[in-house]
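Secondary and tertiary structure notes
Here is what each chain is made of, one letter per residue.
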Amino acid sequence: MRMIRFLRLLAQILVLVIVALASALISMRFAIHGREVAIPDFRGMVPAEAERVAFDRGLELSRSDHFYSATIPAGRIVSQQPEPGTHVRRGWRVQAAESLGPQLIEIPTVIGLSPRAAEINIRRRGLEIGLAAELPTDASAPQSIIAQTPAPGAQGVASPRISLLYAAPPPDPAYA
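Below, the structure is looked at part by part. (Residues numbered from 1 in each chain as written. Predicted model: local features only at pLDDT ≥ 70, side-chain atom pairs only at ≥ 80, totals over all residues. Heavy atoms only, no water.)

Side note on the sheet that holds strand S8 (residues 161-168)
Spatially, the three strands line up as an open sheet ordered S6-S8-S7, and their pairing is mixed. Looking along the sheet, the strands with just one partner apiece sit at the ends: strand S6 (128-136) and strand S7 (145-149). Ignoring strand direction, the axes of neighbouring strands in this sheet form an average angle of 20°. Pairing analysis gives four bridges linking S7 to S8, with the strands arranged antiparallel. Bridge pairing in S8 links glutamine 148 to leucine 164. (Pairing = 2+ DSSP bridges. Helix = DSSP H or I, 4+ residues; strand = E, 2+ residues; numbered from the N terminus. Axes fitted to C-alpha atoms, helices over the stretch in contact; angles between N-to-C directions.)

Dropping the structure here:
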C-alpha cells in the first residue's frame, strides 16, 4: 500500500517535471524566434531611408565603406551584409556600403615615387591608400614604389583605394 502511494507520487512528480521542461523549451523558442526579423533589401536606397527602414524593423544600420558603381547612383546603398532575407535577432547590426557612382577619377601612376610622394599624389586626387607592403631589395636602391593595385589608368575600379608595394632596404643581419 505504501509502495503504491510512493510510486504514484513519484509518477506525478515526474509528469510535472516533464511538463515544466517542455513549457520552458517552448517559451524559450517563442521568445527567441519571436524577436527575429528578416533583413530587408537596402540596396538602391538613400542612407536616410535605409536607416528609417532598419529602425522600423529593430535593426541597426552601419555605413562602413564606399565603392564605385556604374549601376547604382552616388549616395545610395550599393551592398549590404548580411544579405537580404537573412533572419536575425532584433538589434542586429547591418553593414552597408555607399555608392560613389561611376568611376570618374583616373588612377594615377605612382611607380618610382617615394612612399610619401605617392601618398600625397593619391590623396590629392581624392583617393585613399589601401594596403601597403614593403619588399626588401638591394641596399643601393632608394626606397620607392615598385608596384600598385589597381594599375595606372585602370577603368571599372570598384574601390577608391590604391594598394602599394615599395622597395625597402634589406634588414640588418642578425645573429643568434
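Section: the sheet that holds strand S3 (residues 77-81)
Across a sheet, strands are paired by hydrogen bonds formed along the backbone, either parallel or antiparallel in direction. Taken in spatial order, the three strands make up an open sheet running S2-S5-S3, and their pairing is mixed. Sheet topology places strand S2 (60-67) and S3 at the edges, where each strand pairs with a single neighbour. Direction aside, the axes of adjacent strands within the sheet are offset by 30° on average. Inspection of the sheet shows S2 paired to strand S5 (residues 93-99) by seven bridges, in the parallel sense. Within S5, the residue paired with histidine 66 across the bridge is glutamate 98.

Side note on the environment of aspartate 41
If you trace the backbone, aspartate 41 turns up in the loop between strand S1 (36-38) and helix H2 (47-56). Relative accessible area serves as the criterion here: at 37%, aspartate 41 is assigned to the partly exposed category. Put simply, aspartate 41 and serine 79 are 38 residues apart on the chain and 9.2 Å apart in space, counted from C-alpha to C-alpha. The contact partners of aspartate 41, leaving out residues within four places of it in the chain, are Gln80 and Pro84. (Buried < 20%, exposed > 50% of the residue type's maximum accessible area, 1.4 Å probe, protein only. Contact = heavy atoms within 4.5 Å.)

Structural notes on the pattern of salt bridges
Taken as a whole and assessed by the stated rule, the structure comprises 10 salt bridges. Between aspartate 65 and arginine 161 there is a salt bridge, with the nearest N and O atoms lying 3.1 Å from each other. With aspartate 65 in strand S2 and arginine 161 in strand S8, this residue pair connects regions lying 96 residues apart in the sequence. A salt bridge links arginine 161 to glutamate 128; the shortest N-O distance between them is 3.4 Å. Of the two residues, arginine 161 is situated in strand S8 and glutamate 128 in strand S6; the sequence distance between them amounts to 33 residues. Its relative accessible area of 30% is what places arginine 161 among the partly exposed residues. Linked through salt bridges whose partners overlap, the residues forming this network are Asp41, Arg43 and Glu83. (Salt bridge = Lys/Arg side-chain N within 4 Å of Asp/Glu carboxyl O.)

Observations concerning unusual backbone geometry
What is expected of a backbone is that most residues other than glycine have negative phi and most peptide bonds are trans. A cis amide bond links glutamine 81 with the next residue in sequence, proline 82, at an omega value of 5°. Summarising the element assignment, proline 82 is placed in the loop between S3 and strand S4 (87-89). In this structure, proline 150 follows threonine 149 across a cis peptide bond, with omega equal to 0°. Examined against the element boundaries, proline 150 turns out to sit in the loop between S7 and S8.

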